[in-house]
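The chain contents come next:
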Amino acid sequence: MAKRKRKPADRRYKSPGTPPGSLIAEPGAPHPAIRVMSFGPDSFAEASVSKVEEIRSWIGRSPMIWIDVDGLGSANVIGEIGELFGIHLLALEDVLTPRQRAKVDVFPGHLFIVARMVTKNDEIQTEQVSIIVGADHVLTFQEYPGDSFDPVRERLRRKDERLLTAGSDYLAYSLMDAVVDGYYPVVEELGYLLDDLEDAIVDHPDQAQVGPLHRVKRDLVTMRRSIWPMREAVGSLARDTNPYIQPETRLYFRDVYDHVFQVTDIVETNRERATDLMDVYLSSISNRINDVMRVLTLWATIFIPLTFITSLYGMNFDPETSPWNMPELKARFGYPITLGVMALIAGTVLVFFFRKGWLGPPRSRRPDSTN
């Protein structure tokens, strides 16, 4: 799948004060592609249609019909589908405004569900999926082609008895379950990336690891922003009573609710891991800098007295002018004596540093003996 351009989560394309229920398509959105699946206990058929009018011939052909729309680039097409099935204008407005949090709304004649679907290309991408559940139909609206619904379609094509005989609420459950299951491969991949980054940062921390770590953290934030609202939405489908979800189907939504919680826990755990890895990286870099500074400080400390001696005897005093003007400059063995003194000072400092544990492993202290 081609990489999509990243969009700001709060970007608006409607002017302030737009009347409620106004159907305005997002500029640049793909033109809708419509797929129809009609099925029942003894029948199944599917087709792609190019015009909304073609859907009329499918209505009533089988007990259940699923209309899947990929692309929200035409407000007229979405409006015609809404008029055909009696969808409330506020629901259609939310369909065409793909910045909604996951939620569940009950309208006269249908149930409106908003979910967030996730995909992973070069980076995490989320898109809004709107699911409208009626008595004998389910409508799904997506921002882009490509989704998590292929397992559901395959079950219908294989004439899965449970799907063919169940109502629209069970189909809606299957779609929501597919959306939530689509999170698992993504969070697992991010977990593997964190494992690799953890090994690399612990063994050999490097500036090149910061970029991938920041991308993983950004992806996890994107997933968190998508999955957290879905807990409340799916929880309401599992708990609340409404005329479009049968009591036995609510039991299946509880399973989806558990999956949402699992994904949420994994995302939160990985976010904490990413934050801890950044702390480990910064600590490793800080320790490396401290080691370098310690070595430089030790060498500077060793050479400070040696520099003092060489600078002292580098002064231009003439011992013949006065007996106080560095008479040792006339000493026969002055040069080797000076070198010996410098070597002795350097050796003494090194031994002192070693005994203090500043060079090599720290020296263990003997416990005080008691009489």
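Overview of the structure. (Residues numbered from 1 in each chain as written. Predicted model: local features only at pLDDT ≥ 70, side-chain atom pairs only at ≥ 80, totals over all residues. Heavy atoms only, no water.)

## What about the environment of Ala-91?
Point 1. Mapped onto the elements of the fold, Ala-91 is located in helix H3 (residues 89–95).
Point 2. What makes Ala-91 buried here is its relative accessible area of 0%.
Point 3. Between the C-alpha atoms of Ala-91 and Val-152, which are 61 residues apart in sequence, the distance is 24 Å.
Point 4. Residues contacting Ala-91, with those up to four places away along its chain left out, are Phe-107, His-110 and Phe-112. (Helix = DSSP H or I, 4+ residues; strand = E, 2+ residues; numbered from the N terminus. Buried < 20%, exposed > 50% of the residue type's maximum accessible area, 1.4 Å probe, protein only. Contact = heavy atoms within 4.5 Å.)

## Side note on the sheet that holds strand E7 (residues 137–142)
Point 1. Strand order in the open sheet formed by seven strands is E2-E1-E3-E7-E6-E5-E4, with mixed pairing between adjacent strands. Only two strands of the sheet have a single partner each, and these edge strands are strand E2 (43–49) and strand E4 (103–107). The sheet shows a mean angle of 15° between the axes of neighbouring strands, taken without regard to direction.
Point 2. With six bridges joining them, strand E3 (residues 64–70) and E7 adopt parallel strand pairing. Among the inter-strand pairings, Val-69 is bridged to a residue of E7, identified as Phe-141.
Point 3. In the packing of helix H2 (residues 75–85) onto the sheet, the strands contacted are strand E1 (33–40), E3 and E7, and the crossing angle to E7 comes to about 165°.
Point 4. Against the sheet, helix H7 (residues 183–203) makes contact with strand E5 (110–120) and strand E6 (124–133), and its axis sits at roughly 30° relative to E5, the strand it touches most. (Pairing = 2+ DSSP bridges. Axes fitted to C-alpha atoms, helices over the stretch in contact; angles between N-to-C directions.)

## Some points on the packing of aromatic side chains
Point 1. Taken as a whole, this structure holds nine aromatic pairs when the rule is applied.
Point 2. Ring geometry for Phe-352 and Phe-353: centres 6.1 Å apart, planes at 50°, overall tilted.
Point 3. Of the residues examined, Phe-352 reaches a relative accessible area of 43% and is grouped as partly exposed.
Point 4. Assessed through its relative accessible area of 5%, Phe-353 is described here as buried.
Point 5. Through successive ring pairs, a cluster of aromatic residues spans Tyr-170, Tyr-173, Tyr-252 and Phe-253.
Point 6. Above the plane of the ring of Tyr-170 lies Arg-162, whose end atom (NZ or CZ) is 4.0 Å from the centre.
Point 7. Here the guanidinium or amino end of Arg-231 rests over the ring plane of Phe-261, the centre of that ring lying 4.7 Å away. (Phe/Tyr/Trp six-rings, centres within 6.5 Å; stacked < 30°, edge-to-face > 60°. Lys NZ or Arg CZ within 6 Å of the ring centre and 35° of its normal.)

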